[in-house]
Amino acid sequence: MTGSLEAVEGALDGWRGDEPFVLGLCGAQGSGKSTLSSGLAQRLNGRGIRTAVLSLDDLYLTHEQRAVLARDVHPLFAVRGVPGTHDLARGLAILEAVKAGRGVTLPRFDKATDDPAPETEWPRHDGPLDVLVFEGWCVGARPQDETALAEPINALEAEHDAEGVWRRHVNAMLAGPYANLFSRIDRLVLLAAPGFEVVEGWRRQQEQALRATAPEGARVMTDAEVAAFVQYYERLTRHILSDMPAYADLTLKLGADRQLKDDQ
């Protein structure tokens, strides 16, 4: 990810002014967002630019809260991932605090337990930040046209969302509350996968890494479960890859190996 890191750092140097800056970073699952974000924060902090990272994944609602969504809206909302499964009030409060130059406590979500980590483990950043990197698989995404929602895009939607209730609710969330959250972003960077077809392999590698570090008894997905899980992300990932390059402030095209392609 060295080339991507240098490209984003150089762009950020040109974008920033004297006010606290929120950098949005979007990319499909496994595209290297976390690695890039942490590397960028390390470099910037080393230069005296006070930087922290907020992941959209760390804003997931609790398992119990998603169970309520599954009961009241649609059963597919029991699974974390899509718009509608995040604590937007917390995310908005964090971005507004950063913009106002206040200190922030950044949440952490434990994917092995499928619930937020204990608040005692959440890092605190006292005083103003110069840069907050806000990264996530759908950060900055716009809603689809209503006509695009008519037909299921994969087996998950065909079998479990035949009437389109789930995908239409996701789209409505993007058009409303998520658009409000994303409006706090100053500039948006897209790590563009070569296509959705690489995402399953990338996500499988993530789960294998989690398996190697998770405590005994923690829940880690099998390869078959990963294949089913990425279907939750397919519709919006394909939409982002098609739609976002037209409005992202910087699009970095990746190869299947996650390295920058030559034809930038």
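Note that this is a predicted model, so its numbers are computed, not measured. In this convention, every chain numbers its residues from 1, walking through the sequence in written order. In keeping with the predicted nature of the model, local features appear solely for residues at pLDDT of at least 70, side-chain atom pairs appear and are counted solely at 80 or more, and the whole-chain, interface and lining totals rest on all residues. With hydrogens and water set aside, each side-chain value is computed from the structure's full complement of heavy atoms.

Asker: Explain the pattern of salt bridges to me, and be specific about the residues and the numbers.
Answerer: Salt bridges are identified by distance alone: a Lys or Arg side-chain nitrogen within 4 Å of an Asp or Glu carboxyl oxygen. Applying the stated criterion across every chain yields a total of 21 salt bridges. Across the pair arginine 47 and glutamate 9 runs a salt bridge, and its minimum N-O distance is 2.9 Å. Of this pair, arginine 47 sits in the loop between helix 2 (33–46) and strand 2 (51–55) while glutamate 9 is found in helix 1 (residues 2–15), placing the two residues 38 residues apart along the sequence. Exposure categories follow from relative accessible area, calculated using a 1.4 Å probe and restricted to protein chains: below 20% of the type maximum is buried, above 50% is exposed, and the middle band is partly exposed. Taking relative accessible area as the criterion, arginine 47 reaches 42% and is therefore assigned partly exposed. Elements are defined by DSSP. Helices are runs of H or I of four residues or more, strands are runs of E of two residues or more, and each kind is numbered from the N terminus.

Asker: An account of the packing of helix 4 (residues 88–99) against helix 6 (residues 165–182) is requested, with residue identities and associated values reported.
Answerer: A fitted line through C-alpha atoms serves as each axis, taken over the contacting stretch for helices, and the angle formed by two N-to-C directions is quoted from 0 to 180°. In contact at an axis separation of 8 Å, helix 4 and helix 6 are set at 30 degrees when each is read in the N-to-C sense. One finds that helix 4 runs roughly parallel with respect to helix 6. Here Leu88, Gly91, Leu92 and Leu95 of helix 4 come into contact with helix 6, specifically with Met173, Pro177, Tyr178, Asn180 and Leu181. Charged residues are taken to be Asp, Glu, Lys and Arg, nonpolar residues to be Ala, Val, Leu, Ile, Met, Phe, Trp, Tyr, Cys and Pro, and polar residues to be all remaining types, Gly included. Of the residues assigned to the contact of helix 4 with helix 6, the class counts are seven nonpolar, two polar and no charged. Angles below 35 degrees are treated as roughly parallel, those above 145 as roughly antiparallel, those between 65 and 115 as roughly perpendicular, and all remaining angles as oblique. In what follows, residue pairs with any heavy atoms lying within 4.5 Å of each other are defined as contacts.

Asker: Can you break down the sheet that holds strand 8 (residues 187–192) residue by residue, with the values?
Answerer: Paired strands, as defined in this entry, are two strands with at least two bridges between them according to DSSP. Taking strand neighbours across the sheet as the criterion, the five strands line up as 2-7-1-8-9 in an open arrangement whose pairing is parallel. Both edges of this open sheet fall to strand 2 and strand 9 (250–253), since each of them pairs with a single strand only. Each strand of the sheet is rotated relative to its neighbour by a mean of 20 degrees, with strand direction disregarded. Bridging between strand 1 (residues 21–27) and strand 8 involves five bridges; their strand directions are parallel. Paired with glycine 27 across the bridge in strand 8 is leucine 191. Lying over the sheet, helix 2 contacts strand 1, strand 2, strand 7 (131–136) and strand 8, oriented at roughly 175 degrees with respect to strand 7.

Asker: Tell me what's going on with the packing of aromatic side chains, and back it up with residues and numbers.
Answerer: For any two aromatic rings, the description comes down to two numbers: the centre-to-centre distance and the angle of the planes. Classification of ring pairs uses Phe, Tyr and Trp, with its six-membered ring standing for Trp, and accepts pairs whose centres are within 6.5 Å; under 30 degrees between planes counts as stacked, over 60 as edge-to-face, and the remaining range as tilted. Going through the model one piece at a time under the given rule, you end up with eight aromatic pairs. Taking 5.9 Å as the distance between ring centres and 90 degrees as the angle between the ring planes, the aromatic pair formed by tryptophan 166 and tyrosine 232 counts as edge-to-face. Within this pair, whereas tryptophan 166 is found in helix 6, its partner tyrosine 232 is found in helix 9 (residues 231–243), the two being separated by 66 residues in sequence. By relative accessible area, tryptophan 166 is classed as buried at 2%. Here tyrosine 232 falls in the buried class, since its relative accessible area comes to 14%. With a centroid separation of 6.0 Å and an interplanar angle of 65 degrees, the aromatic rings of tyrosine 178 and phenylalanine 182 are classed as edge-to-face. Of this pair, tyrosine 178 and phenylalanine 182 both sit in helix 6, four residues apart, which is roughly one turn of that helix.

Asker: Mind laying out the side chain of glutamate 234, listing which residues take part and the relevant values?
Answerer: Inspection of the secondary structure assignment puts glutamate 234 in helix 9. Each residue touching glutamate 234, except ones within four places of it in the same chain, is listed here: Ile153, Asn154 and Phe196.

Asker: Requested: an account of the pairing of strand 7, with residues and values cited.
Answerer: Along strand 7, six of the six residues are buried, which leaves the element largely enclosed by surrounding structure. Inspection of the sheet shows strand 1 paired to strand 7 by six bridges, in the parallel sense. Bridge pairing in strand 7 places phenylalanine 21 opposite valine 131. Examined bridge by bridge, strand 2 and strand 7 share five bridges and lie parallel to one another.

Don't take any of this as a statement about function, it's just geometry.
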